[in-house]
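Here's the letter readout for the chains.
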Amino acid sequence: MYFRAILLLPLVMLLMSPGCSRAPDSGIAYRDLASIRESGKLVVLTRNAPTTWYIGRDDAPTGPEHDMVEAFAAHLGVEAEYRVKAGVPEILQALEAGEGDLAAAGLTRLDSRREQFAYGPAYQDVTQQVVCRRDNVQPETVEELVGLELEVIADSSYSRRLQQLRQDHPRLEWQETAERTTEELLRAVWERELDCTVADSTIVDINRRYFPELITPMNLARAQSLGWMLARGNDSLQRAVHDWFEDFSASGRLASLQERYYGFFEVFDYVDIRTYIRRIDARFPEYRGLFRQAAEEYGLPYTVLAAQGYQESHWNARARSPTGVRGIMMLTLSTARAMGVENRLDPEQSIFGGARYLARMMERFSDEVTGEDRLWLALAAYNLGRAHMHDAQVLARRLDLSPHHWRDLKQVLPLLAKKEYYKDLKYGYARGTEPVRYVQRIREYRHVLENHLE
């Protein structure tokens, strides 16, 4: 009894706080905006996943939902307090019990939930996808799902969609779980414990980099939007979310956030990722220490430098191309000489020379280029040359785009190959699609490498 009382204490304290109300139709307890501001804390329900909230390599919380919540909390002038739940069913139960002010956990905006809950604005569209293993079943219609071992998250948008489909396909069967997360179900499919599961496209995009044998033979529904959830009737908090989001989106901060977490995902390349994972085990250990030392010396993220080395040479110390670049970091002869590299085929010299050159590229952008944008622009300059990057920045200004953000410059760079644009630029034609692809692949390799090492 004492233990149970301890568990209920946070809930009781929340319900007894000043400004706490109950929705007249659903009975859900909530705190209004004035009460939240008075307490100095915004209590947020979430889950631990790469598309929501997780602990990063610097041992600090991060993730798309985390970053948006932090921005909203700062807007309110309060501190965000996170209560991490096991999955969607637990989050909905906790929100219904009044344990949090809002839920930010990649939740689909479903009409069936509106009787109890209200939603914030839609911030991202996702598609429900059937996920299987490529060397197992590959259903392409709902009828082909019949008879398969299919499991999804309980009380989720996936289970709701399957219930709708069963009206026309009465033999459709599946299992629901409140014990496992979507990510765990994807691993279960990869390990052949299940035939298939269902997941949002954003979750699939990330996890296929970890489990490259996963495939998505069919979509289960049209695109749906994600949004924060809060108690129905909490009008003051809902208005605050809407007002904040309007500015957050219009200012470009939402686009920057999505670029940070999802901007490097392209069409999935099974063969490339599978080979890469094997080489992390087979080749990377030999050079890991050198990448780490060089990154520390020049103030670079070590996994980015390592990923760049793989993009350049697949960690082949004796790599060479017909154009004359050589070594792990594929340095030109002139660049090697400028960086003090005497032997481009020597791994240590090449890695330190490449790190020194990348650091130099970072220094050549103005202070208006900040954060990871500075790193992505420097990588593009490493690949294309600083002169053409200067042209890209000039062109960005002409097109009313930002010359300081990668999300805009990756749209501009391919235009350097079109005469109508490059004829008026100082340095002329450039294969601008290449640095875009170069940066995206490095970001993807970094993502896979960090997950594999963890």
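Check the entry above for the structure.
Quick caveat: nothing in here was measured; it's all calculated off a predicted structure.

Enquirer: Looking at this model, I keep getting lost on empty space enclosed by the protein. Mind explaining?
Expert: Gaps left between atoms show up when a probe the size of a water molecule is rolled over them. In the structure shown here, the tally under the stated rule is four cavities of 30 Å³ or more. Of the pockets and cavities examined, the largest cavity occupies roughly 200 Å³. If you go around the largest cavity, you meet 21 residues; those closest to its centre are Arg47, Val88, Ile153, Tyr158 and Thr182. Broken down by secondary-structure element, the contributors of at least two residues to the lining of the largest cavity are helix H4 (88-96) and helix H5 (157-166). Top element by residues in the lining of the largest cavity is H4. It accounts for three residues. Class assignment of the residues belonging to the lining of the largest cavity gives a composition of nine nonpolar, seven polar and five charged. Counted as a void, the second largest cavity has a volume near 110 Å³. The wall of the second largest cavity is formed by 17 residues, among which Thr51, Tyr123, Gln124, Leu226 and Tyr262 lie closest to the centre. Those elements that provide at least two residues to the lining of the second largest cavity are helix H3 (64-76), helix H7 (201-207) and helix H9 (253-262). Here the lining of the second largest cavity takes four residues from H9, the largest share from any one element.

Enquirer: Got a minute to help me understand the packing of H3 against helix H8 (residues 235-250) in this structure?
Expert: For any two helices packed against each other, one specifies the crossing angle of their axes together with the interaxial distance. For the pair H3 and H8, interaxial distance at closest approach is 10 Å and the crossing angle is 110 degrees. If you check the angle between H3 and H8, you find them roughly perpendicular. Residues Met68, Ala71, Phe72, His75 and Leu76 of H3 form the contact with H8, whose participating residues are Leu237, Ala240, Val241, Trp244 and Phe248. Tallied by class, residues from the contact of H3 with H8 come to nine nonpolar, one polar and no charged.

Enquirer: Explain the environment of Phe291 here, please?
Expert: Structurally, the position occupied by Phe291 is in helix H11 (residues 284-298). For the pair Phe291 and Pro301, spaced ten residues apart in the sequence, the C-alpha separation amounts to 9.5 Å.

Enquirer: Where do I start with the state of the cysteines in this structure?
Expert: Two cysteines, two sulfur atoms, one covalent bond between them: this is a disulfide. All chains considered together, the criterion is met by one disulfide. Between the sulfur atoms of Cys132 and its disulfide mate Cys196 the distance is 2.2 Å. Where Cys132 bonds to Cys196 through sulfur, the torsion about that S-S bond is close to 100 degrees, and the disulfide is right-handed. Taken together, the residues Cys132 in strand S10 (residues 128-133) and Cys196 in strand S13 (residues 196-200) connect sequence positions 64 residues apart. What makes Cys132 buried here is its relative accessible area of 0%.

Enquirer: Please explain the packing of aromatic side chains as it appears in this structure.
Expert: Each aromatic ring pair is characterised by the separation of its centres together with the angle its planes make. The tally for this structure, following the rule as stated, stands at 17 aromatic pairs. The interplanar angle of 40 degrees and the centroid separation of 5.7 Å between the aromatic rings of Tyr276 and Trp315 together place this pair among those described as tilted. Residue Tyr276 is located in helix H10 (residues 270-282), and its partner Trp315 is located in the loop between helix H12 (302-313) and helix H13 (333-338); the two are separated by 39 residues in the primary sequence. Three or more aromatic residues joined by ring pairs form one cluster here, namely Tyr276, Phe284, Phe291, Tyr310, Trp315 and Tyr445. Lying across the ring of Tyr302, Arg292 places its NZ or CZ 4.1 Å from the centre. Sitting over the ring of Phe365, Arg386 keeps its end group 4.0 Å from the ring centre.

Enquirer: Explain unusual backbone geometry to me, please; I cannot follow it from the model alone.
Expert: Phi is mostly negative for residues that are not glycine, and the peptide bonds are mostly trans. Even without glycine at this site, Trp315 takes up a positive phi of about 60 degrees. Given the relative accessible area of 2%, Trp315 is considered buried. Within the chain, Asp400 stands out as a residue other than glycine whose phi angle is a positive 60 degrees.

Enquirer: It is not clear to me how the pattern of salt bridges should be interpreted in this structure. Could you clarify?
Expert: Two side chains bearing opposite charge may form a pair once their charged atoms approach each other closely. Enumeration over the complete set of coordinates arrives at 26 salt bridges. Here Glu444 ties to Arg209 by a salt bridge, and the two come within 2.5 Å at their closest N and O atoms. Remark: Arg209 occurs in the loop between H7 and strand S14 (214-219) and Glu444 occurs in helix H19 (residues 433-453); sequence separation between them is 235 residues. By the burial criterion, Glu444 is buried, and Arg209 matches it. For Glu450, the salt bridge identified is with Arg446, shortest N-O distance 3.1 Å. In this pair, Glu450 and Arg446 both sit in helix H19, four residues apart, roughly one turn of the helix. Like Glu450, the residue Arg446 is buried in the burial classification.

Enquirer: Before we go on, may I ask you to explain the sheet that holds S13 in this structure?
Expert: Strand pairing in a sheet relies on backbone hydrogen bonds, with the paired strands running either antiparallel or parallel. Ordered by their spatial adjacency, three strands build an open sheet running S13-S10-S14, and the pairing between neighbours is antiparallel. Each end of this open sheet is capped by a strand with a single partner; those strands are S13 and S14. Going from strand to strand, the sheet's axes swing by 40 degrees on average, the running direction of each strand aside. Note: S10 against S14, four bridges, orientation antiparallel. Looking at the pairing, Arg133 lines up with Leu214 of S14. Packed on one face of the sheet, helix H6 (residues 182-190) meets S10, S13 and S14 and runs near 140 degrees to S13.

Enquirer: Looking at this model, I keep getting lost on H6. Mind explaining?
Expert: An α-helical turn contains 3.6 residues, so a residue and the one three or four places further along point in the same direction. The set of residues buried in H6 consists of Thr182, Glu183, Leu185, Leu186, Ala188 and Val189. Positioned one or two residues after H6, Arg192 has a phi angle of 70 degrees, which is positive.

Enquirer: What exactly am I supposed to notice about the nonpolar core here?
Expert: It is characteristic of soluble globular proteins that their nonpolar side chains tend to be buried jointly. In terms of nonpolar packing, the biggest core is built from 79 residues, with Phe72, Leu102 and Trp228 touching the most fellow members. Listed in part, the 62 residues of the second largest apolar core include Leu379, Ala392, Leu413 and Val439.

Enquirer: I'm lost on the side chain of Arg133 in this one. Help?
Expert: Along the chain, Arg133 turns up in strand S10. Take Arg133: its relative accessible area is 10%, and that puts it in the buried class. Only 2.7 Å separates the side chain of Arg133 from the side chain of Asp135, close enough to count as a polar contact. Look past the residues within four positions of Arg133 in its chain and what remains in contact with it is Val189, Trp190, Arg192, Asp195, Glu213 and Ile215.

What counts, and at which threshold
Residues numbered from 1 in each chain as written. Predicted model: local features only at pLDDT ≥ 70, side-chain atom pairs only at ≥ 80, totals over all residues. Heavy atoms only, no water. 1 Å grid on protein atoms, 1.4 Å probe; cavity = no way out; pocket = protein on both sides within 12 Å on 5 of 7 lines; lining within 4 Å. Points joined across faces, edges and corners; volume = space filled by probe spheres on them. Helix = DSSP H or I, 4+ residues; strand = E, 2+ residues; numbered from the N terminus. Nonpolar A, V, L, I, M, F, W, Y, C, P; charged D, E, K, R; others polar. Axes fitted to C-alpha atoms, helices over the stretch in contact; angles between N-to-C directions. Parallel < 35°, antiparallel > 145°, perpendicular 65-115°, else oblique. Contact = heavy atoms within 4.5 Å. Disulfide = S-S within 2.5 Å. Buried < 20%, exposed > 50% of the residue type's maximum accessible area, 1.4 Å probe, protein only. Phe/Tyr/Trp six-rings, centres within 6.5 Å; stacked < 30°, edge-to-face > 60°. Lys NZ or Arg CZ within 6 Å of the ring centre and 35° of its normal. Salt bridge = Lys/Arg side-chain N within 4 Å of Asp/Glu carboxyl O. Pairing = 2+ DSSP bridges. Core = buried A, V, L, I, M, F, W, Y, C linked by side-chain atoms within 4.5 Å. Polar contact = N/O pair within 3.5 Å; in protein donor to acceptor, adjacent residues only side chain to side chain.

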